[in-house]
Amino acid sequence: MSRAKISVVPSATGAPACPSGELRAPIRPLDLDWVEAVRVNLSAVERRIDSLPGRRTVKKEWQAAWLLKAITLMDLTTLAGDDTDGRVERLCAKARNPVRRDLLAALGALDLPIRVGAVCVYHDFVAIAAQALAGTGIEIAAVSTGFPAGHAPMETKLREIAASVEAGATEIDIVISRKYVLTSQWRALYDEVKAYREACGPAHMKAILATGELGSIRKIGQASMVAMQAGADFIKTSTGMEPVNATLPVSLVMMRMIRDYHERTGTLIGFKPAGGITNAKTALGYLALVKEELGDEWLSPGLFRFGASRLLGDIERQLEHHVTGAYSAANRHPMA
Amino acid sequence: MAPPPSPIAEIFSTMGYGPAPEQSDYVRDWLETRPSRGRFFIGGQWVAPRDSIGAIEARNPANAAFLGNLPAAGAKDVDAAVKAARAAFPAWSGLPGHYRARFLYALARLLQKNSRFLAVLESMDNGKPIRETRDLDIPLAARHFYHHAGWAQILDREFPDHAPIGVAGQVIPWNFPLLMLAWKIAPAIACGNCVVLKPAEYTCLSALFFAELCDEAGLPPGVVNIVTGAGDTGALIVNHPDIDKVAFTGSTEVGRIIRRATAGTGKKLSLELGGKSPFIVFEDADLDGAVEGLVDAIWFNQGQVCCAGSRLLAEESIAGRLYAKLKTRLSHFRVGDPLDKAVDMGALADPVQHQRVTRLVAQSVAEGAEVWTPDIALPAQGCFFPPTLLTGVSQSNVAMQEEIFGPVLAATTFRTLNEALALANNTRYGLSATIWSENINRALETAARMKAGVVWINTTNALDANVGFGGYRESGFGREGGREGIIEYLTEKSAWLPAAAGAATGTAPAAASAGSVRGKPGAEPAIGSRPAIDQTPKNYIGGKQKRPDGARTSLVLAPDGSQLGRVALGNRKDIRDAVEAAVAAESWGAQTGHARAQILFFMAENLSHRAAEFARRIRAMTGADSASAEEEVETAISRLFYYAGWADKYDGAAHSPPQRNVVMALNEPVGILGIVCPPEKPLLAFVSLLAPAIAMGNRVVIIPSEAHPLAATDFYQVLETSDLPAGVVNIVTGKAGEIGKTLAEHLQVDGMWWFGTAEGAKMAEMAAAENMKRVWTSLGKSRDWASPRLGEGREFLRRACEVKNIWLPYGD
């Protein structure tokens with residue numbers, strides 16, 4: 001992971017560097033003026049999103065290279081009630097070798113580090129994932145804090161974070177209490193996220209805003225601004241369990257908050273859209289949006305992730321199409 | 001030109017964009033074989049020039065590639081086209097609306113079926129990105145035909161008492177070639193007119209393809225005729241005596257020439273001209289949204305848009321952040337091959353445009369502006385110009401004043417809403433305006449006070465067939481789209497009478513300007529009776545009776561030549577003072593309709609108190625019998641009631657265009673109206689013109705019947721007793737040919753209603769060209785003022801209003 005710029009404000013927690021030796025997004029004192037200043041016009045956001053696919057597209061080799069990049073930006077995820085150790089081990093194996101070697105060879109990409117960014121699981125499976133991914137450089141992400149609704153005692157939630165970190169999680173995906181956003185209790189939201197961040201210790205924290213449950217586009221921006229000040233390394237759209245999960249308009253708003261926060265503080269915050277990103281074309285749209293709104297610097301696993309369980313399969317098929325010229329089929333690629 | 005394919009590994013590390021070319025071979029095939037080679041589309045045939053006055057070379061401005069040769073139509077060619085249109089008119093206008101609707105529907109469908117072809121052709125011919133032609137030009141053109149297929153169907157019952165005009169001559173610009181064609185042809189033929197259209201010389205190809213579609217749709221020959229050529233050909237169309245209607249979109253300079261050329265001819269005219277539209281960003285705006293709005297405003301179509309938001313007014317508190325965000329955004333711009341699907345900006349339409357934009361930017365910098373362009377790649381060849389930001393641009397800087405018609409934004413700051421409005425309205429133009437604010441109160445207040453025909457709130461350059469488009473001031477007059485656009489292609493049925501018929505009671509002997517009063521004003525003198533008190537009305541200016549500046553009076557004569565009295569002989573300084581008084585009464589336009597209605601009712605009441613006196617005056621002046629004089633007064637009272645009734649009811653509309661918007665079409669006062677009254681019906685015509693004007697919130701400078709002015713001067717006392725604010729109505733008596741000319745030339749006057757002589761009408765239309773006054777003339781004919789259908793009605797209200805369309809997208 002890389003962070004090109006470091007905030008002048010030191011981390012309030014004095015948290016040590018994360019396992020890969022990088023500096024963290026610091027916790028800052030809450031500045032409510034920044035939250036109050038957020039203005040988002042939904043129609044303007046939608047207009048930008050509607051016109052972008054017509055303005056930016058990648059074809060041929062560029063498309064193949066961008067799809068390979070998308071794989072490295074993926075949190076390969078399983079968050080199902082019927083997950084087992086065996087299921088998670090299979091997912092980890094896929095994470096290490098996401099694309100058939102013959103395809104990589106044909107693409108001239110054998111030397112590229114094509115592996116997913118992280119594997120994302122419930123706490124129960126952190127240890128088995130850590131074991132399966134040891135030495136690969138793939139991060140182990142655990143969803144936490146009473147995921148997905150977050151309605152658990154605070155103490156339980158803090159202990160859940162600590163337990164996952166202890167079990168080997170290098171990234172923690174926390175969920176915020178939506179009630180604080182819906183009732184505009186920004187201080188309470190800040191305190192909550194800050195407490196989670198302090199509990200994360202060395203693990204990077206992704207703050208899930210559950211944007212589908214926040215009620216207005218402006219509040220999504222405001223919640224982003226609070227979460228970043230409270231020390232979130234990433235802000236993330238959704239759990240994947242809300243009625244509406246990641247959308248491009250919501251993502252645009254969160255990216256712009258990240259950009260504003262960077263302009264204000266010099267700190268680079270990561271972004272993770274999650275839920276509902278199932279095909280290669282959608283993924284390319286996200287990458288173009290990141291490139292346009294945040295810049296190339298964000299097209300790296302340290303600052304951008306897709307939370308997805310089904311996306312990889314479609315990307316594999318598109319890559320095979322690029323190599324052979326024939327449309328591919330799912331059964332030709334090893335399942336996760 | 002596509003770079004050589006990069007190895008995937010390298011792209012993986014750089015994450016750049018590659019080429020994304022749109023296929024164009026099939027369009028080039030058409031260029032080789034098109035039936036329009038060397039021909040015009042006249043009477044449904046591809047015909048060779050009869051007296052071509054030159055040739056045009058069509059080239060792709062992005063790479064100078066040759067696209068074809070086009071003949072320029074001469075007088076005989078234009079004449080043939082007009083004749084073909086005239087020949088087709090009776091049958092076409094006689095078709096049931098439903099039949100015309102079927103043809104328009106077919107054209108809409110054909111545009112859709114050929115949409116990609118047209119998108120590519122338009123991009124090649126004009127240099128604009130395929131993204132824009134594909135996503136905007138062509139779909140909007142098709143939408144225009146669908147929309148107007150609907151109008152053709154419902155026209156008869158929606159516009160009773162109206163008829164098609166005849167043959168329309170239409171001259172369109174090069175910035176949206178097919179879309180402007182659609183804006184012109186669709187409403188014209190929907191209403192039953194036939195057209196002769198000339199596309200701009202740089203961009204003829206999509207119009208020629210459209211002619212093929214007319215053929216394919218089975219459109220009767222002669223309904224649509226298309227001739228190519230430059231300005232000379234356009235002039236031949238505009239000046240052709242058998243053209244009934246001229247519609248032009250283009251520069252204000254050419255618009256002025258056309259206004260003068262058509263003056264006094266009776267040709268109906270609509271002009272959609274230049275702009276220097278403000279783009280206001282308040283501190284509470286979504287700044288990122290505003291930045292994208294600016295991209296749509298001034299870098300859309302390389303800035304070659306009449307309604308481009310070319311003047312950025314940023315609230316001082318956020319100007320720095322806004323400029324920074326804008327620069328970041330522009331640093332991501334991609335300028336290049338218009339046929340590349342991932343390009344933001346293509347080429348300017350012609351090398352001439354490139355030179356002009358370059359020169360104006362240099363001049364602006366020389367005048368003190370700071371210029372910034374992003375560090376991005378531009379193609380080495382072709383008419384490419386970088387997106388350009390000028391900051392610190394003073395109001396007098398050329399970039400704030402002149403329409404650049406290129407990708408150049410001129411920015412300055414403001415402190416308050418009032419200052420923003422002052423800067424925004426400090427222009428000769430009034431086409432469009434954009435306002436960004438998340439505060440609906442502030443946004444709507446600003447929109448209401450903006451002098452512009454189209455106002456976009458938190459969006460920009462949004463267009464729809466059902467929303468009228470057109471400007472205030474020197475941006476032209478008339479609207480395109482929706483109900484307002486339809487009326488531009490219709491005429492009132494039998495609205496005018498020959499001058500003699502209606503003016504039967506208005507043929508008094510010409511008043512002399514010297515001599516003594518032998519008769520007594522308004523009375524029949526008898527020897528030995530008590531002498532009447534001398535009454536010499538002055539002018540009525542700013543709510544006061546003012547002596548004429550020249551201290552001269554003129555005689556008013558009765559039909560038998562006896563002298564009825566004297567009135568002030570106004571001069572140009574009286575007109576000047578009257579207009580000043582009208583300017584000062586600006587708040588009248590902001591009064592509620594209810595308040596204006598009360599005053600009009602009160603005027604009627606006060607007139608009724610003096611009904612007998614006015615009837616006597618009319619009899620004395622015109623020789624009318626007492627019944628008809630009394631009838632004239634009673635009708636005038638009724639008319640005041642009529643417009644009092646309308647004052648709070650002539651509402652606009654709320655449109656729902658396909659996007660998630662509500663568009664409020666507001667009927668606003670034109671502003672200051674100059675009115676010249678006809679000779680006939682000295683009280684009734686005066687009231688019939690005055691009342692709708694003030695009911696709609698205009699301020700008026702009115703010149704009463706030159707022959708019979710005394711009813712109007714008697715009316716001072718009605719005005720004075722009716723609580724009418726000073727300056728709303730100003731009355732100057734005198735020679736219409738002289739003071740009417742001063743009024744028509746006055747640059748502060750927004751509209752002119754000329755009900756005087758035909759020569760006067762021509763003069764007024766000539767003079768009005770300078771500041772593009774909206775002129776309504778009788779052309780020396782008269783109107784049946786007593787008739788409820790023609791003496792009052794919506795036509796008067798429509799003429800008294802300017803439609804402003806305010807776009808308001810919503811959602812949260």
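Residues numbered from 1 in each chain as written. Chains lettered and ligands numbered in written order. Predicted model: local features only at pLDDT ≥ 70, side-chain atom pairs only at ≥ 80, totals over all residues. Heavy atoms only, no water.

> What exactly am I supposed to notice about the interface of chain B and chain A here?
For interface size, the figure often reported is the accessible area lost on association. Taken together, the 43 residues of chain B in the interface contact 46 residues of chain A. A buried area of about 3900 Å², summed over both sides, lies between chain B and chain A, and 54% of it is on carbon and sulfur atoms. The largest contributions to the chain B side of the interface with chain A come from Phe12(B), Met15(B) and Tyr17(B), which together make up 22% of the buried area. Between chain B and chain A we count nine salt bridges in total. (Contact = heavy atoms within 4.5 Å. Buried area = accessible area lost by both parts, 1.4 Å probe. Salt bridge = Lys/Arg side-chain N within 4 Å of Asp/Glu carboxyl O.)

> Explain the sheet that holds strand β11 (residues 277-281) of chain B here, please?
Paired through their backbone hydrogen bonds, the strands of a sheet run either parallel or antiparallel. All names here are of chain B. Pairing within the open sheet is mixed, and its ten strands lie in the order β13-β14-β15-β12-β11-β16-β17-β31-β25-β24. Looking at which strands have only one partner, the edges of the open sheet turn out to be β13 (370-372) and β24 (653-655). Between one strand and the next, the sheet's axes are offset by a mean angle of 20 degrees, whatever the strand orientation. Note: β13 against strand β14 (residues 388-391), three bridges, orientation antiparallel. Note that in β14 the partner of Glu-370 across the bridge is Thr-391. Of the strands in this sheet, β11, β12 (309-315), β13, β14 and β15 (408-414) touch helix α12 (residues 316-330), which is tilted by about 135 degrees from β12. Most of the contacts of helix α16 (residues 440-449) go to strand β31 (residues 801-809), to which it runs at about 155 degrees, and overall it touches β11, β12, β16 (432-436), β17 (454-457), β25 (661-669) and β31. (Pairing = 2+ DSSP bridges. Helix = DSSP H or I, 4+ residues; strand = E, 2+ residues; numbered from the N terminus. Axes fitted to C-alpha atoms, helices over the stretch in contact; angles between N-to-C directions.)

> Honestly, unusual backbone geometry in this entry has me stumped. Any pointers?
Of all residues except glycine, most have a negative phi; of all peptide bonds, most are trans. Residue Pro148(A) is bonded to the preceding Phe147(A) through a cis peptide linkage, with omega at 0 degrees. Residue placement: Pro148(A) occurs in the loop between β3 (139-143) and α7 (154-167). Here the phi dihedral of Asn301(B) falls at roughly 55 degrees; this positive angle occurs in a residue that is not glycine. Looking at the secondary structure, you find Asn301(B) in the loop between α11 (287-298) and β12. With a relative accessible area of 0%, Asn301(B) lands in the buried category. At Asn458(B), a position not held by glycine, the phi torsion is positive, near 55 degrees. Inspection of the secondary structure puts Asn458(B) in the loop between β17 and β18 (476-477). (Buried < 20%, exposed > 50% of the residue type's maximum accessible area, 1.4 Å probe, protein only.)

> Sorry if this is basic, but what is going on with the packing of helix α5 (residues 115-126) of chain B against helix α6 (residues 130-158) of chain B here?
When two helices pack together, their arrangement is given by the angle between their axes and by how far apart the axes lie. All names here are of chain B. Two elements in contact, α5 and α6, have axes separated by 8 Å at closest approach and are oriented at 125 degrees. On the basis of the axis angle, α5 is oblique to α6. Both α5 and α6 take part in a crossing whose hand is right-handed. Residues Ser-115, Arg-116, Leu-118, Ala-119, Val-120, Glu-122 and Ser-123 of α5 form the contact with α6, whose own contacting residues are Ile-130, Thr-133, Arg-134 and Ile-138. (Parallel < 35°, antiparallel > 145°, perpendicular 65-115°, else oblique. Left-handed = near helix turned anticlockwise from the far one by under 90°.)

> Is there a simple way to explain the sheet that holds strand β4 (residues 171-175) of chain A in this structure?
All names here are of chain A. Pairing is parallel in the open sheet, where eight strands are placed in the order β7-β6-β5-β4-β3-β2-β1-β8. This sheet does not close on itself; its edge strands, each paired only once, are β7 (270-272) and β8 (306-308). Neighbour to neighbour, the strand axes of the sheet diverge by 25 degrees on average, direction disregarded. Note: strand β1 (residues 74-77) against β8, three bridges, orientation parallel. Each residue of the ladder has a partner; that of Leu-76, found in β8, is Ala-308. Helix α13 (residues 311-324) contacts β1 and β8 of the sheet and is inclined by roughly 120 degrees relative to β1.

> Sorry if this is basic, but what is going on with the packing of aromatic side chains here?
For any pair of aromatic rings, geometry is given as the distance between the ring centres together with the angle between the planes. All names here are of chain B. Taken as a whole, this structure holds 34 aromatic pairs over all chains when the rule is applied. For the pair Tyr-540 and Tyr-716, a centre-to-centre distance of 5.1 Å together with 20 degrees between the ring planes defines the contact as stacked. Note that Tyr-540 is positioned in strand β20 (residues 539-541) and Tyr-716 in helix α24 (residues 710-720), a separation of 176 residues in sequence. Of the two residues, Tyr-540 and Tyr-716, neither departs from the other in class, the shared state being buried. (Phe/Tyr/Trp six-rings, centres within 6.5 Å; stacked < 30°, edge-to-face > 60°.)

> Whenever I open this one, α11(B) confuses me. Can you help?
Count 3.6 residues to each turn of an α-helix, and residues three or four apart come out pointing the same way. Residue and element names in this part refer to chain B. Between the first and last C-alpha of α11 there are 16 Å, a value that for twelve residues agrees with the 16 Å anticipated at 1.5 Å per step. Counted residue by residue, α11 has twelve buried out of twelve residues, so it is predominantly covered. When we look at burial in α11, the residues that qualify are Leu-287, Asp-288, Gly-289, Ala-290, Val-291, Glu-292, Gly-293, Leu-294, Val-295, Asp-296, Ala-297 and Ile-298. Where α11 starts, the residue carrying a side-chain oxygen 3.2 Å from the main-chain nitrogen of Asp-288 turns out to be Asp-286. (Expected span 1.5 Å × (residues − 1). Polar contact = N/O pair within 3.5 Å; in protein donor to acceptor, adjacent residues only side chain to side chain.)

> Got a minute to help me understand the side chain of Arg311(B) in this structure?
Inspection of the secondary structure assignment puts Arg311(B) in strand β12. Once residues within four sequence positions are removed from consideration, Arg311(B) is found in contact with Lys276(B), Ser277(B), Pro278(B), Phe279(B), Gln395(B), Met400(B), Leu409(B), Ala410(B), Leu423(B), Ala424(B), Asn426(B) and Thr427(B).

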